[in-house]
Amino acid sequence: MTFENTLDFAKKMDASDPLASYRSEFIFPQHEGHPVIYFTGNSLGLQPKRSSAYVNEIMADWANLGVEGHFEADKPWWDYHERLAAPLAKIVGAREEEVTVMNTLTVNLHLLMVSFYRPEKGRYKILCEEKAFPSDQYMLKSQARFHGYDPETALVEVQKRPGEHHWHTEDFLDAIEEHKDELALVLLGGVNYYNGQVLDMEAITAKAKACGVMIGWDLAHAAGNVELKLHDWDVDFAAWCSYKYMNSGPGNLSGVFINQRYLDRKDIPRFEGWWGTKKETRFLMKPEFEPMANAEAWQLSNAPVMAMAPYLASLTMFEEVGMDALRAKSQKLTAYLEFILKTVETEVQGSFEIITPEERGCQLSVFLHGQGRSLFDFLMSKGVLPDWREPNVIRLAPVPFYNSFEDMYRFGQILKEGILKK
Ligand SMILES: *Cc1c(COP(=O)(O)O)cnc(C)c1O
């Protein structure tokens, strides 16, 4: 498709976009009476209008029913979480029983490492990417220390090649091969938060499995953004947060995937709580833990339904649209943003560079040469909401649910003005 850097063209793209109506399903922060150009759905997705009805429903049930709401509410609280598993399974490419919602992301990665990071003599290392998201680095290092290892030697970090901004798949494959006898776990971010790169999760998972190494994925930036086939790829475990591309609200719950082969097994160590025990006998309050035969065995506490409500609301939209349609729009919209960026770059002669490789979701990371923070501040003053990462990177995530082609065009005009103004 040939794109044009005109308002007319952008409007035509919006007019023929089958998902265009979803924009009005979201609430946009306003800037001088107009919706902002929101590029930070990779950090916090916008609020879906339908989410407050779901929260209010629980507030009303609580008011009207008190404790009886656990069983008597229209959507009873005691098994409220079950409603999220089926739609989530579709989003991440899993069987329904492999998925559940609980806790928050870093907590879940720790809990999953209890089960799946089982270091033993000589085989205790964890392979990750260099400069992983800080929380993941802290988690991995503290897990290594918890098991009595020095993080300096326990972590194998796959580096980018000198002068490059992205990783090569073969460097992960080679590193797994090289360290296979000492690796207890591979744990990587499926989509890198900084450069927006989508790792070849299928190939890297296959390599880890071929080498007999456990592999888990942090899908914070992948879930609801790119196609995932966790079950078919034979991933061991994964976790994601829901407040980025899944629009569930600030700090909200995390989803987990646990491969079917680990379900209903007695020999897998796990930290346990009453919401993981068989629901048929849960309220008999017996001393023995009888694990649920699905991923819920990893649940500890009774469901925080107030937090689940907006997540469930948001998932109804994913159900309506489906990942295929969402991804199709995402690719077009991101390609249009890339075109706009390159057009502006030519016009102003190379003031920045896109560091996101071809393998990408909807995020483009732009490295600014020359101008930095001042350009970012200019964009903000004009009603654009991008994201700033040190030392000089602006992250832009056009989200297919609510960003428009017109947003991209208007952004290009503002960016050009900001660069020329310096
Ligand atoms: C956003 C993000 C997190 C955040 O973790 P929380 O526990 O939800 O605060 C962790 N890891 C990655 C890779 C992220 O992108």
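Here the structure is a predicted model, which means the values were calculated and not measured. (Residues numbered from 1 in each chain as written. Predicted model: local features only at pLDDT ≥ 70, side-chain atom pairs only at ≥ 80, totals over all residues. Heavy atoms only, no water.)

**Observations regarding unusual backbone geometry**
Argument step 1. The residue after glutamate 390, namely proline 391, is reached through a cis peptide bond having omega 5 degrees.
Argument step 2. Within the chain, aspartate 234 stands out as a residue other than glycine whose phi angle is a positive 70 degrees.
Argument step 3. By secondary structure assignment, the location of aspartate 234 is in the loop between α10 (230-233) and β11 (237-241).
Argument step 4. A relative accessible area of 29% means that aspartate 234 is categorised as partly exposed. (Helix = DSSP H or I, 4+ residues; strand = E, 2+ residues; numbered from the N terminus. Buried < 20%, exposed > 50% of the residue type's maximum accessible area, 1.4 Å probe, protein only.)

**Considerations on the site of the ligand**
Argument step 1. The environment of the ligand is formed by Leu105, Thr106, Phe133, Asp136, Asp218, Ala220, His221, Tyr243 and Lys244.
Argument step 2. The side chain of histidine 221 places a nitrogen or oxygen atom 3.2 Å from an oxygen atom of the ligand.
Argument step 3. The side chain of tyrosine 243 places a nitrogen or oxygen atom 2.5 Å from an oxygen atom of the ligand.
Argument step 4. Protein chains shield 83% of the accessible area of the ligand, which is 390 Å² for the free molecule. (Near = heavy atom within 4 Å. Polar contact = N/O pair within 3.5 Å; in protein donor to acceptor, adjacent residues only side chain to side chain. Areas by Shrake-Rupley, 256 points an atom, 1.4 Å probe, with all protein chains shown as cover.)

**Quick notes on the domain arrangement of the chain**
Argument step 1. By domain assignment, the chain separates into domain 1 (7-48 + 322-420) and domain 2 (80-321).
Argument step 2. Measuring from the centre of the C-alpha atoms in domain 1 to the corresponding centre in domain 2 gives 29 Å.
Argument step 3. Contact with domain 1, which involves 36 residues of that partner, is made by 26 residues of domain 2.
Argument step 4. For the pair domain 1 and domain 2, the summed buried surface comes to about 2,600 Å²; carbon and sulfur atoms form 61% of the total.
Argument step 5. For the pair domain 1 and domain 2, the number of links is zero salt bridges.
Argument step 6. Of all the secondary-structure elements, those providing two or more residues to the side of domain 1 that touches domain 2 are α12 (323-348), β14 (364-368) and β17 (393-396).
Argument step 7. Among the residues forming the side of domain 1 that touches domain 2, the class breakdown is 19 nonpolar, nine polar and eight charged. (Domains from an automatic or database assignment. Contact = heavy atoms within 4.5 Å. Buried area = accessible area lost by both parts, 1.4 Å probe. Salt bridge = Lys/Arg side-chain N within 4 Å of Asp/Glu carboxyl O. Nonpolar A, V, L, I, M, F, W, Y, C, P; charged D, E, K, R; others polar.)

**Describing a negative patch on the surface**
Argument step 1. Together, Asp200, Glu202, Asp232, Glu358 and Glu359 line one region of the surface with negative charge.
Argument step 2. Tracing the chain through its elements places aspartate 232 in helix α10. (Patch = residues over 30% accessible without salt bridge, like charges linked within 9 Å, V, L, I, M, F, W, Y side chains within 5 Å. Lys, Arg positive; Asp, Glu negative; His and termini not counted. Charge placed at Lys NZ, Arg CZ, Asp CG, Glu CD.)

**Re the sheet that holds strand β6 (residues 99-102)**
Hydrogen bonds between backbone atoms are what pair the strands of a sheet, whose relative direction is either parallel or antiparallel.
Argument step 1. Spatially, β6-β12-β11-β10-β9-β7-β8 is the arrangement adopted by the seven strands of the open sheet, whose pairing is mixed. Only two strands of the sheet have a single neighbouring strand rather than two, namely β6 and β8 (155-158). Neighbour-to-neighbour, the strand axes of this sheet turn through a mean angle of 20 degrees, independent of strand direction.
Argument step 2. Here β6 pairs with strand β12 (residues 254-258) via four bridges, running antiparallel. Counterpart to threonine 100 in the pairing with β12 is valine 256.
Argument step 3. Sitting on the sheet, helix α5 (residues 105-116) is in contact with β6, β7 (125-129), β9 (183-189), β10 (214-218), β11 and β12, with an inclination near 170 degrees to β11. (Pairing = 2+ DSSP bridges. Axes fitted to C-alpha atoms, helices over the stretch in contact; angles between N-to-C directions.)

**Considering the pattern of salt bridges**
Argument step 1. All chains considered together, the criterion is met by 28 salt bridges.
Argument step 2. The salt bridge partner of aspartate 387 is arginine 389, with a shortest N-O separation of 3.0 Å.
Argument step 3. Taking the relative accessible area as the measure of exposure, aspartate 387 reaches 8% and is therefore buried.
Argument step 4. Look at arginine 389 and you get partly exposed, because its relative accessible area is 27%.
Argument step 5. By sharing partners, the salt bridges in this structure join Lys209, Asp234, Asp236 and Arg261 into a single network.

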